[in-house]
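Summary of structural features
The residues making up each chain are set out below.
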Amino acid sequence: MAESVVLDSVDLHLLRLLQNDARMTYRDLAAQVGVAPSTCLDRVTRLRRSGVILGHQLRLDPAKLGRSLEALLSVQVRPHRRELVGPFVERIRALPESITVFHLTGPDDYLVHVAVADMGDLQRLVLDGFTSRPEVARVETRLIFQQWDCGPLLPRPGGSSAPTTTVDRQTPGNPGA
């Protein structure tokens, strides 16, 4: 079950700044938010412990790594049973071309973001990495022309003058329903 975490305006400001630059020092964060560095450290530590901050990521440019073609693969598996989900997802995550895997509702069971060198590489991945698997019933491929980052991701305040926000969070490893 999700736990609630109460966030005030200082927490929200910290989260906004960290989402834009996760390498900011506590001193710089504190100066921009208007709190003492020790207060900043305590708040960020609390946000990590409560699971609001899940970690930090290093983002790479696929094109500079020789993978200039990105695609979204919609995958339908049959049978779609609980005991197949874990092994299938781990197999897809182990593919070096995979960037992100989503488990979906609707006619497709998974959406996989991949980066490959060229069309031949994409064809090999679809044929050898996906459709050759016995549980894969169908794969639909969509090429990505361009993508944009959005954010930062912050909860919507309950009202225009609400000083705090409650966020429901899932415990790591327990994505809920």
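For the structure, see preceding data.
Just so it is clear, the structure is predicted and the values come from calculations on it, not from any experiment. (Residues numbered from 1 in each chain as written. Predicted model: local features only at pLDDT ≥ 70, side-chain atom pairs only at ≥ 80, totals over all residues. Heavy atoms only, no water.)

Broken down by element type, the protein chain carries five helices and six strands. The buried share of the protein chain, reckoned over its 177 residues, is 31%. A total accessible area of about 11900 Å² is found for the protein chain, and carbon and sulfur atoms account for 54% of it. (Helix = DSSP H or I, 4+ residues; strand = E, 2+ residues; numbered from the N terminus. Buried < 20%, exposed > 50% of the residue type's maximum accessible area, 1.4 Å probe, protein only. Areas by Shrake-Rupley, 256 points an atom, 1.4 Å probe, with all protein chains shown as cover.)

Okay, the packing of helix H2 (residues 26-33) against helix H3 (residues 37-49) next. Viewed as axis vectors pointing N to C, H2 and H3 meet at an angle of 100°, and their least axial separation amounts to 8 Å. On the basis of their axis angle, the class for H2 and H3 is roughly perpendicular. Across from Tyr-26, Leu-29 and Ala-30 in H2, the residues of H3 making contact are Pro-37, Cys-40, Leu-41, Val-44 and Arg-48. Tallied by class, the residues present in the contact of H2 with H3 amount to seven nonpolar, no polar and one charged. (Axes fitted to C-alpha atoms, helices over the stretch in contact; angles between N-to-C directions. Parallel < 35°, antiparallel > 145°, perpendicular 65-115°, else oblique. Contact = heavy atoms within 4.5 Å. Nonpolar A, V, L, I, M, F, W, Y, C, P; charged D, E, K, R; others polar.)

Attention now moves to the pattern of salt bridges. Inspection of the entire model under this criterion finds 13 salt bridges. Asp-11 is the partner of Arg-46 in a salt bridge, and the nearest nitrogen-oxygen pair spans 2.5 Å. Taken together, the residues Arg-46 in helix H3 and Asp-11 in helix H1 (residues 9-20) connect sequence positions 35 residues apart. A relative accessible area of 35% means that Arg-46 is categorised as partly exposed. Salt bridges here are not isolated pairs; linked through shared partners, they connect Asp-8, Asp-11, Arg-43 and Arg-46. (Salt bridge = Lys/Arg side-chain N within 4 Å of Asp/Glu carboxyl O.)

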